[in-house]
Every structure is written in C-alpha cells, then in structure tokens.
Amino acid sequence: MWKLKIAEGSSPWLRSVNGHVGRQTWEFDPSLGSPEELAEIEKLREQFHVTRFEKQHSSDLLMRLQLSKENPATTDIPQVKVKDVEDITEENVTNTLRRAISFHSTLQAKDGHWPGDYGGPMFLLPGLVITLSITGTLNAILTEEHRREIRRYLYNHQNRDGGWGLHIEGPSTMFGSVLTYVTLRLLGEGANDGDGSMEKGRDWILEHGGATAITSWGKMWLSVLGVFEWSGNNPLPPEIWLLPYILPIHPGRMWCHCRMVYLPMSYLYGKRFVGPLTPTVLSLRKELYTVPYHEIDWNRARSECAKEDLYYPHPFVQDILWTTLHKVVEPVLLRWPGKKLREKSLRTVMEHIHYEDENTRYICIGPVNKVLNMLCCWAEDQNSEAFKLHIPRINDFLWLAEDGMKMQGYNGSQLWDAAFAIQAIISTELVEEFGPTLRKAHTYLKNSQVLDDCPGNLEYWYRHISKGAWAFSTADHGWPISDCTAEGLKAALSLSKLPAGTVGEPLDAKRLYDAVNVIFSLQNANGGFATYELTRSYSWLELINPAETFGDIVIDYPYVECTSAAIQALTAFKKLYPGHRKEEVEHCIERSAKFIEKIQEADGSWYGSWAVCYTYGTWFGVRGLVAAGRSFSNSSAVRKACDFLLSKQLPCGGWGESYLSCQNKVYTNLEGDRSHVVNTGWALLALIDAGQAERDPLPLHRAAKVLINSQCENGDFPQQEYIPNLGSRRISYPSSTCPMNIVPEFYPPDEFRTFDHLTTSIVLVKQ
C-alpha cells in the first residue's frame, strides 16, 4: 500500500536547509494495508475511472483516507442546512465553521503544513519519463508500482476522442497526445495495448497531421529521445547567454520560469544531444508520422503546429528570426572557429544550471527545468555527482491520488496553503479550540522562511535577494515570491497577536523586517508587483516567445494579486510596527493602490492571472484598495468592482466562473450556470470588505446560504472544478475542506462578521 511520508529524507544524496520540513513524498510498502483498506482504495480508483469524463480532477481521496485515520476528527457536530436566509444565525455559522476547521485539521501534516495534489498539466510526466529512459534509469527509479500508477493516470485522462490535452480538463492537443503516447510506450505499453486506448491515441495523432505538427517544446523532447530530428527545431542558441545584459533580449531579463526552462533547452540544442536509439525509439519513428521517417521534410516541420495547439501564433518577425538563425548563424557556430564560441556558451549555460540546482537543493524552480537540468547533468557527465543528487528529488514532484500518479506543477504549495489556513482559522475566533492546529502551522511558517540570499554575485546569476522571503512551497526550494512573502508575513503578524502559550513564540522582529525589505525590493517603477523578481524587460519581448502553447511568459509582469497582497501585508505590519521605515511603507502602499486602480477593467473587474479568474482578481483588487484606505464611498474603483460582482451573482446566490475566462479573457460561467464554493467565497469576501452589508445585505445572505448548504457531512466541502489559472498552463487544486481562502484583517459589523468568517472558512485552503 502507498503511504504519504512527511518531512523525511534519509538518502545521503539529499540536501536540506531545515531538516526537510515541508517535504511530501509517496512510498510504496507491500506490507502495509489490511484487505479491507486495500479494497477501499481500489473502490475509490474504480469510482474515479467510471466518472472520469464528468470529473477529471482528483479529490485527493487517498491522502484524505490516510490522514483521517492518523488524525481522527474530534468534533461531532450535526451538519447544518438552512432553508431561508433568515436561518443564517450566528450559531449555524459557528457550527459550520467548527465542523470545517475540525475536518481541515485532520488533513494537517505533522510538520504543520497541509499536503495536497498540485497536478493538472499533462506535459510534465513525459519529460520525466523521457529523461529517465534516455539515462537508462527508468526501471531503477520508477518501481513497477510507480509505473503502474503513472499508466493509470495517463489512461484515466485520455479524452473520449482518443487524444490527450494540455491539461486534464482540456481538449485534445498534439502536444499532449504525442508526449503521452510516447510516455506510455516508454513505460512498456505496446502499440495496441490498453484495451484499444493506445490505438485510439495513435489514430488521433495521425488524423491530425502526425507528430511533425507538435509544438516547439514537444519537438525538443522528441529530438532528445531520437524520434525527431534537431533540424526540425527552431534554433535555441546557447550563445544568447553571452550577450551583454544591457540588451533587452538577454535571457537574464526574462521571467525566471521562462529563462530557467530555455536555459537547459539551449544546452541540449547546442549539443544536438540525442539519447540511445532503442528498439522502442525506432518503432516510435514509424508510429507517429503520416509518411516514412526518412521522407519527412524537417525544414518544413520547424514551423508546423497543429491548430489545436496554436494558443499563441508566431508573428512574422519570428519566422524571419528563426530562419536566419537556422540557415545562416547555426552553420557558422557548428564549424571552426565558430564552434569555439559554441563550446564557451555551453560551459556558461552549465554553470548557471549547476547554480540553480545547488541553490534549490536539486528541486529546481519547477518540474520542467528540473528534469531538463537533470538530463543536462547526465549529458555533461553520465557519472556526475550532480545527476545523482537530482535523483532523490524526483519524488518531491510525484503525487498519488485516486486517478493515479502525476507530476506536480511545483514541489507543492505548502507555504501558500499554510499561510491562508492560519489567517482563516484566526479570523473565526476559534483560536483556543484549534490552538494545536495553529501551533503546528506556526512552526511550519517559521521553519519555511528563507533565511539567506543565494551565494555569490546575485547580478551575475540574475537572482533577486531572498533573505526574509517565503517561497511558494518550502525553504529548500527557496525561490522568493512577492505574494507568498506577503501572505507569510500576514500570517506571522496575525499569530504574533495571539498568546504564545496557545500558538507558540512569535517570529523575531528582525525576520519580519527582512520580509518587509524583500517586499520593498520587488515593487516596480509603476507601483505594481510581479512574482519572483522585478519586471526586467519590455512586453514587446513577447514577439519572440517561441512557445506556441503558452502566452505572456517571456517577462515577469506585475499582477493585481501580488500587488494587493503586498498592500495588505504592509498595512498589517504598519499597525504593529508603526515606526519601522514608516515613509517607505506608506509610499509603497499608495503607489501600489494607484497601480491597482490603473489596471482595473472597464466593467469594474480585474483579470486574475493565478486563479479563475475575474472573480479572483476582483477579490484581490478590492481587498488591496480597502487595505490602502479606499472604500465604497470614496473610491469609484471599489464601487465599480461591487457592481461587477453583483452582476455575476447567480440566481442560486453563488458565483461560478469557468477556466474558459482565463484563456478567452471574457467572464464565463460554469456550464449550466452552476455555483462554485471557492468563487462564491471570493466574491463574498470582496463584497463584505467593500461594505455591502451597510447598503444591501441580501446578496451576502444568499451567498452564505449556498456555502452553508454546500458543506459535506464530514465537514469537508465538495471537490469541484479546479480554479487556479497559470495563463494557458493549468494547475489542479482540490478545493479543500473549508475553502478557507483568505482571512481578512477587516471586520464588518457584528451582524455580518460571521459571514466573513464563514467565507474565509468556506473559500479557502486551496484556492
């Protein structure tokens, strides 16, 4: 039976700055599990499989099953149901909250964080499996149990038409279909296995033009495997890393996720690296194309892309750029003396790869560059220590649920979830009752703060300061993020106001000051906050974005969410430490508020870039402005935002926004105009912040009724559609117990305080 392990790391090849706090890995132990437990797990798997087309994401039932037995609930309060808004009494709301937090506490790990599924994209596992196959370590690293669960996941998320999507809820794409088909073949599936599923997948690929129409990222993966020729790729010259930093196109100016992916890609392209040509690889050359492999026009294939994948069509300037590099520049760099420059650039690229690996303890910023860096280390030296250090960190990205084993979009969302959970529980005024939960979460918060900057000259490595920041997941990961730092600071400040005997000793003031310093350092000239770093270049750089599937990825843009979080954190900090850098705090808050006002949409909404979508962005927009001193009475932006939210309230009283809003940039309801507890909670929190109770409380009553009646018998909440938005990249979050998403510092009048607490409890934990 599989078992979730927390904060463990016995391998001598693992490194950690804090004893592996936050690490979550799955391990198979054949001696575990009674016949009844094993039967229950199989039942959950079968139930998912039967309903997989109606509900594509997991509900994290295997984790919940394990943790609920390890941490049994202690509260036995009857389920609350209300028929009319008049039934929404303080007692009913408090009981709903108590049941929600009680259940949510059972899901807390021993180190204080809340583990969970952070999967969704279908293009992550293929990179891992291809890398392990090339390096000859597939069967050694992925046991038969791992491979079985990965196959289960891939088959479960095959679409009715036979293809696979970019993400689990998406329509079939060439990128998803080819890479998933290849992955299954490398995992041992025959060309006609899977009860016809492999044949259906192959038919979809061939009917849509064959693998030459895969996206540029797919072309790269197929090339290193030996199923595609490098001449069919647009150039990714590593020499770009040798350009002067003053140039706007220097990769050091790109969004860190973008540059950290193209860094190892440029190394593999520069070496024209190809793995061993195994029988399976040679067979795939026959299976994936509509014409014989030796007859493919690779020059034409460079610009081919299936219409199903074309989210971001290449502008004409790219055609000129890639053709010039391919036909003029590359031939020079592949021959002496140009080859000397190529060799120098490859050494420079590997220096940056090793720096990234070492300063993330071989986790890396994300799963794509994780496996690419690992492959580069092996390509550089098959017996290298770096490659061996990469291996145990693979497990940090693998997550198991009833739909199978997937690769997560990060090594988890530990800090993010814990910070919101802390704030949510504190807002309910049930602190004494759930003191042990808060104490454990407080310990995690303190243990996960980044305590030092990366070593060396940060400018040379294109890194931002990180001392005092919080990462999205763990301290071992270490990449600082503006809103994670802000939410970590808010949670720490909230805990510092509570008795140490209940929640533990507060974070030292010096560490709070360090967090504030990081926030200051991340504000852009326009007042807004991006994610990991300052915005370092210009939006026109998107003209050379080579990824057909992903838009707006080249630079780190400022966002309403990050900017709002910074305002809220600094406002909370100012109340407790009014004398610390007072003028800077006030100036930062005001500039941020003006930025939020400036980017508001004409209809009063804000586009949310990190969850679905206008509801999420508008919640942050309102909260940021209110924290900065704006209100319904003195701010037209707040008034317009309220009008927008009220116009989207459904007849049932809730809100329900589809992920289609993210890609189409037009507000779209869920199919059938269904409500979603998380969207409903966000909207309700925003309206409460904006003083809706004083004007017309009925919309709040109606929304609260939806939330109360949505609670499950065990205190959990229904696992509905995923709600994060990463542009065209989808990450799936199970909405956890109380979607307790964010906890306000703002307290509405007593009559409505319980609604604020309720939503906080019902909207959060995993947004």
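Residues numbered from 1 in each chain as written. Predicted model: local features only at pLDDT ≥ 70, side-chain atom pairs only at ≥ 80, totals over all residues. Heavy atoms only, no water.

### A look at the overall build of the chain
Check the secondary structure of the chain and you find 31 helices and six strands. Whereas a compact globule of 767 residues would reach a radius of gyration of roughly 27 Å, the chain reaches 25 Å, a difference of no more than 12%. Counting only C-alpha atoms and orienting by the principal axes, one finds that the chain spans roughly 75 × 60 × 50 Å. Every one of the 767 residues in the chain was classed for burial, and the buried ones make up 65%. Contacts in the chain between residues far apart in sequence, at least 24 positions, make up 75% of those at least 6 positions apart. On the chain, roughly 26,900 Å² of surface is accessible, and the fraction owed to carbon and sulfur atoms is 53%. In the chain, the 76 positive side-chain charges and the 91 negative ones have mean positions that sit 4 Å from each other. (Helix = DSSP H or I, 4+ residues; strand = E, 2+ residues; numbered from the N terminus. Rg over C-alpha atoms; globule rule 2.2 N^0.38 Å. Buried < 20%, exposed > 50% of the residue type's maximum accessible area, 1.4 Å probe, protein only. Contact = heavy atoms within 4.5 Å. Areas by Shrake-Rupley, 256 points an atom, 1.4 Å probe, with all protein chains shown as cover. Lys, Arg positive; Asp, Glu negative; His and termini not counted. Charge placed at Lys NZ, Arg CZ, Asp CG, Glu CD.)

### Some thoughts on the pairing of strand β5 (residues 398-401)
On a regular strand, each side chain points to the face opposite its neighbour's, so the side chains alternate between the two faces of the sheet. On β5, burial covers both faces: L398 and L400 on one face and W399 and A401 on the other are all buried. Across four bridges, β5 lies against strand β6 (residues 404-407) in antiparallel orientation. Residue A401 lies in a different strand from β6, and its bridge partner there is G404. (Pairing = 2+ DSSP bridges.)

### Re the pattern of salt bridges
Inspection of the entire model under this criterion finds 37 salt bridges. With a closest N to O distance of 3.9 Å, R463 and E356 form a salt bridge. Taken together, the positions of R463 in the loop between α19 (458-461) and α20 (482-496) and E356 in helix α14 (residues 338-359) put the pair 107 residues apart, joining distant regions of the chain. Grouping residues by exposure puts R463 and E356 together as buried. The closest approach of N and O atoms between R630 and E590, which form a salt bridge, is 3.1 Å. A residue pair is termed long-range when its members are at least 10 positions apart, and R630 in the loop between α25 (614-627) and α26 (636-647) and E590 in helix α24 (residues 582-598) qualify at 40 residues. (Salt bridge = Lys/Arg side-chain N within 4 Å of Asp/Glu carboxyl O.)

### As for the packing of α20 against helix α23 (residues 560-576)
Closest axis-to-axis distance for the α20/α23 pair is 8 Å, and the angle between their directions is 30°. It follows that α20 is roughly parallel to α23 by the angle criterion. Remark: the crossing between α20 and α23 carries left-handed chirality. Seen from α20, the contacting residues are S482, D483, A486, E487, L489, K490, L493 and S496; seen from α23, they are C562, A565, A566, Q568, A569, A572, F573 and L576. Its residues placed into classes, the contact of α20 with α23 shows 10 nonpolar, three polar and three charged. (Axes fitted to C-alpha atoms, helices over the stretch in contact; angles between N-to-C directions. Parallel < 35°, antiparallel > 145°, perpendicular 65-115°, else oblique. Left-handed = near helix turned anticlockwise from the far one by under 90°. Nonpolar A, V, L, I, M, F, W, Y, C, P; charged D, E, K, R; others polar.)

### Points about the side chain of S223
Mapped onto the secondary structure, S223 falls in helix α9 (residues 216-225). The buried category is assigned to S223, whose relative accessible area is 0%. Contacts of S223, omitting those with residues within four sequence positions, involve F228, E229, W230, N233, F273 and V274.

### With respect to the confidence of the model for the chain
Here the chain averages 92 in pLDDT, and 94% of its residues register 70 or above. Note on residues 725-767: pLDDT under 50 across the span, and 225 contacts to partners over four residues away in sequence or across chains. (pLDDT = per-residue confidence, 0-100.)

### A look at the state of the cysteines
Enumeration over the complete set of coordinates arrives at zero disulfides. Free of any disulfide, C258 has its nearest neighbouring cysteine sulfur in C256, separated by 9.6 Å. When its relative accessible area of 6% is taken as the criterion, C258 is described as buried. (Disulfide = S-S within 2.5 Å.)

### Observations concerning α26
Relative to the 16 Å expected for 12 residues at 1.5 Å per residue, α26 spans 16 Å between its end C-alpha atoms, a close match to the ideal helical length. Those residues of α26 that sit buried are A637, V638, A641, C642, F644 and L645. For α26, the angular spread of the buried residues around the axis is 160°, confining them to a single face. Looking at the buried residues of α26, the elements they touch are α24, α25, α28 (677-689) and α29 (692-695). (Expected span 1.5 Å × (residues − 1). Arc of directions from axis to C-beta.)

### Thoughts on a nonpolar patch on the surface
On the surface, a cluster of nonpolar side chains totalling about 670 Å² of accessible area is made up of I246, L247, I249, V317, Y538, W540 and L543. Within the secondary structure, Y538 is located in the loop between α22 (509-521) and α23. (Patch = residues over 30% accessible without salt bridge, like charges linked within 9 Å, V, L, I, M, F, W, Y side chains within 5 Å.)

### Some details on the layout of surface pockets
Picture a little ball the size of a water molecule; that probe, rolled over the atoms, points out where space is still empty. What the second largest pocket holds in volume is close to 520 Å³. For the lining of the second largest pocket, the elements supplying multiple residues, two or more each, are α10 (256-271) and α13 (316-333). Grouping the constituent residues of the lining of the second largest pocket by class yields 23 nonpolar, two polar and two charged. (1 Å grid on protein atoms, 1.4 Å probe; cavity = no way out; pocket = protein on both sides within 12 Å on 5 of 7 lines; lining within 4 Å. Points joined across faces, edges and corners; volume = space filled by probe spheres on them.)

### Describing the packing of helix α17 (residues 414-427) against helix α18 (residues 435-448)
It is the contact of α17 with α18, at a shortest axis distance of 10 Å, that shows an interaxial angle of 140°. The angle between α17 and α18 places the two elements in the oblique class. Judged by the sense of rotation from one axis to the other, the crossing of α17 with α18 is left-handed. Contacts between α17 and α18 involve Q414, L415, A418, I422, I425 and I426 from the first element and T437, L438, A441, H442, Y444, L445 and S448 from the second. When the residues that make up the contact of α17 with α18 are grouped by side-chain class, the tally is nine nonpolar, four polar and no charged.

### Things to note about the packing of aromatic side chains
Under the criterion given, the structure shown has 35 aromatic pairs. Considering the side-chain rings of W2 and F28, the 5.4 Å spacing of their centres and the 65° angle between planes classify their relative orientation as edge-to-face. With W2 in strand β1 (residues 2-6) and F28 in strand β2 (residues 24-28), the pair connects residues that are 26 residues apart, well separated along the chain. Take W2: its relative accessible area is 9%, and that puts it in the buried class. Centre to centre, the rings of W241 and Y462 are 6.0 Å apart; their planes meet at 50°, and the pair counts as tilted. Here W241 is found in the loop between α9 and α10, whereas its partner Y462 is found in the loop between α19 and α20, with 221 residues between them in sequence. (Phe/Tyr/Trp six-rings, centres within 6.5 Å; stacked < 30°, edge-to-face > 60°.)

### Remarks on empty space enclosed by the protein
One pass over the full model with this rule turns up seven cavities of 30 Å³ or more. A volume near 150 Å³ is recorded for the second largest cavity. Lining the second largest cavity are 17 residues, with S216, N233, N234, L236 and P546 sitting closest to its centre. Element by element, the count of residues in the lining of the second largest cavity is highest for α9, at four residues. Considering only residue class, the lining of the second largest cavity consists of 10 nonpolar, five polar and two charged.

### Some thoughts on the nonpolar core
Among the nonpolar cores identified, the biggest contains 223 residues, and W217, L222, V224, L268, L288 and Y289 are the most heavily contacted of them. Ignoring sequence-local partners within four residues, the contact set of V224 consists of I130, I134, W230, L268, F273, V274, G275 and L375. (Core = buried A, V, L, I, M, F, W, Y, C linked by side-chain atoms within 4.5 Å.)

### Here we look at unusual backbone geometry
Look at the link from W336 to P337: it is a cis peptide, with omega at 5°. A positive phi angle, close to 55°, is found at R361, a residue other than glycine. Mapped onto the elements, R361 comes out in the loop between α14 and α15 (367-380). Note on R361: relative accessible area 16%, which makes it buried. Positioned with a positive phi, Y362 is a non-glycine residue whose angle comes to about 65°.

### Looking at the environment of D76
Considering the arrangement of structural elements, one finds D76 in the loop between α2 (61-70) and α3 (90-106). A sequence separation of 638 residues divides D76 from N714, and the C-alpha atoms of the two residues are 9.1 Å apart.

### Side note on α3
Between the first and last C-alpha of α3 there are 25 Å, a value that for 17 residues agrees with the 24 Å anticipated at 1.5 Å per step. Burial analysis of α3 places 14 of its 17 residues in the buried class, the great majority of the element.

### As for a positive patch on the surface
A contiguous patch of positive charge on the surface is contributed by K339, K340, K344 and R347. By the secondary structure assignment, K344 is in helix α14. Classification of K344 as partly exposed rests on a relative accessible area of 46%.

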